Amino acid sequence: MGPVPRTLELFYDVLSPYSWLGFEILCRYKTIWNVHLQLRPTLIAGIMQDSGNKPPALLPRKAKYMTGDVRLLGQHIQVPINFPKDFFTVILEKGSLSAMRFLTALNLEHPEMLEKASRELWMRVWSRDEDITEPQSILAAAEKAGMSTEQARRVLEKTSTPQVKNQLKETTSAACKYGAFGLPITVAHVDGQTHMLFGSDRMELLAYLLGEKWMGPVPSAVGSRL
């Protein structure tokens, strides 16, 4: 028997482009580092409200910086990020509640599909500038991720249930208890200690905590563009 995998929790929201970057890096490294990666769909709006933080888009200088930063990081990390044309409507008005409830329900019903479905929702909103709020949009992402229409509809029906709503609230609350003030956060459980790392640019530090080698955001063992 090999060593027991360490556990990493990734708290994320598909409304967050930095969450997508962190998500892809961790998905590339989970086998290389022998870690058990737990994907934790979280509502970024709840994090902001609880912490008193504000979306960077509300601050003109941060918004201007973020636009260039995300594009450059997307190129470096090989993630096809493109800003939505109507950025403020997508981020501040439409939000991600429906999408994150769907991913929460999916994690309860078919956790093996969570990685692919999360990626397809990011692809819709952050690569192709497509909707992620309407039921048909969510179903389209689920089907592109490999789910059957019937399977996806059953999961979508569960998004209005108290179980799913409460689970999303509980996950968001757990992120807040770890100290989250935005997303993504990666929580590493190593040698009986818990470490919370904010953002997608702390992966080299994560490698240090795990005692593993950092080979850049696209390790050669799995390097390929999405």
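Quantities reported herein were computed from a predicted structural model and do not represent experimental measurements.

**Student:** Let's hear about the overall build of the chain: which residues, and what values?
**Tutor:** Scanning the chain for helices and strands turns up 10 helices and 4 strands. For the chain, the α and β elements follow one another from N to C terminus as β-α-β-α-α-α-α-α-α-α-α-β-β-α. Relative to the compact-globule value of 17 Å for 226 residues, the chain shows a C-alpha radius of gyration of 17 Å, a close match. In terms of its C-alpha atoms, the chain occupies a principal-axis envelope of roughly 45 × 45 × 35 Å. Of all 226 residues assigned to the chain, the portion counted as buried reaches 50%. Excluding contacts between residues fewer than 6 apart, the proportion of contacts in the chain whose partners are at least 24 apart in sequence is 74%. For the chain, the centre of its 26 positive side-chain charges and the centre of its 23 negative side-chain charges are spaced 3 Å apart.

**Student:** Describe the pairing of strand 2 (residues 35-41), and please don't skip the residues or the numbers.
**Tutor:** For strand 2, a buried count of 5 out of 7 residues is recorded, marking the element as mostly surrounded by other parts of the structure. Bridge count between strand 1 (residues 6-12) and strand 2: 7 bridges; the pairing is parallel. When the bridges of strand 2 are listed, F11 appears paired with R40. Of the crossover connections in this fold, the one passing from strand 1 over helix 1 (residues 17-29) to the parallel strand 2 is right-handed.

**Student:** Pulling in residues and values, what's your account of the packing of aromatic side chains?
**Tutor:** Applying the stated criterion across every chain yields a total of 13 aromatic pairs. Centre to centre, the rings of Y29 and W214 are 5.2 Å apart; their planes meet at 15°, and the pair counts as stacked. A residue pair is termed long-range when its members are at least 10 positions apart, and Y29 in helix 1 and W214 in the segment after helix 10 (203-210) qualify at 185 residues. Here the aromatic cluster, defined as three or more aromatic residues joined through ring pairs, consists of Y12, W20, F23 and W122.

**Student:** Explain the environment of I44 residue by residue, including any values.
**Tutor:** Along the polypeptide, I44 turns up in helix 2 (residues 44-51). When residues no more than four places from it in sequence are discounted, the contact partners of I44 are D13, L15, S16 and L183.

**Student:** Lay out the pattern of salt bridges in plain terms, naming residues and giving numbers.
**Tutor:** In total, this model carries 10 salt bridges according to the counting rule given. The partner of E9 in a salt bridge is R40, with the nearest N and O atoms 2.2 Å apart. Of the two residues, E9 sits in strand 1 while R40 sits in strand 2, which places them 31 residues apart along the sequence. The same class applies to E9 and to R40, which are both buried. The salt bridge involving R128 is made with E130; its shortest N-O contact spans 3.2 Å. Taking relative accessible area as the criterion, R128 reaches 33% and is therefore assigned partly exposed. Overlapping salt bridges, with partners in common, bring together E24, K30, E115 and R119 in one network.

**Student:** So what's going on with the nonpolar core? Which residues, and what values?
**Tutor:** Within the largest apolar cluster, 72 residues are counted, with the highest numbers of intra-cluster contacts made by F102, L103, L106, W126 and L206. The leading source of residues in this core is helix 1, at 8 residues. Excluding residues that lie within four positions of it along the chain, L103 makes contacts with Y12, V14, P41, L114, A117, S118 and L121.

**Student:** Could you give me a rundown of the environment of E109, with the residues and numbers involved?
**Tutor:** Along the chain, E109 turns up in helix 5 (residues 97-109). On the basis of relative accessibility, which here comes to 36%, the residue E109 falls in the partly exposed class. When the C-alpha atoms of E109 and E170 are compared, they prove to be 17 Å apart, with 61 residues separating the residues in sequence. Setting aside its immediate chain neighbours within four residues, E109 contacts V155 and K158.

Reading the values: the criteria
Once a new chain begins, its residue numbering starts again from 1 and follows that chain's sequence as written. Two thresholds apply to this predicted model, a pLDDT of at least 70 for residue-level local features and 80 or more for giving and counting side-chain atom pairs, whereas whole-chain, interface and lining totals are computed over all residues. For side-chain calculations, the full set of non-hydrogen atoms in the structure is used, while hydrogens and water are omitted. Strands are runs of DSSP state E lasting at least two residues, helices are runs of H or I lasting at least four, and both sets are numbered from the N terminus onward. The quantity called the radius of gyration is restricted to C-alpha atoms. Its globule counterpart is 2.2 Å times the number of residues to the power 0.38. Think of it in three bands: with a 1.4 Å probe and only protein chains considered, a residue is buried below 20% of the maximum accessible area for its type, exposed above 50%, and partly exposed in between. Whether two residues touch is decided by their heavy atoms; if any such pair falls within 4.5 Å, the residues are in contact. Counting rule for charge: Lys and Arg are taken as positive, Asp and Glu as negative, and neither His nor the chain ends is counted. Charge positions come from single atoms, namely NZ of Lys, CZ of Arg, CG of Asp or CD of Glu. A pair of strands is treated as paired once DSSP finds two or more bridges between them. Call a crossover right-handed when, viewed with both strands pointing away from you, the route from the first strand across the helix to the second goes clockwise. Stacked, tilted and edge-to-face are the three classes applied to pairs of Phe, Tyr and Trp rings, where Trp contributes its six-membered ring and a pair requires centres within 6.5 Å; stacked means planes under 30 degrees apart, edge-to-face means over 60, and tilted covers the rest. By definition here, a salt bridge exists when the distance from a side-chain nitrogen of Lys or Arg to a carboxyl oxygen of Asp or Glu is within 4 Å. Only buried residues count toward a nonpolar core, which is a set of Ala, Val, Leu, Ile, Met, Phe, Trp, Tyr and Cys residues joined through side-chain atoms within 4.5 Å.

These values are about where atoms sit, not about what they do.
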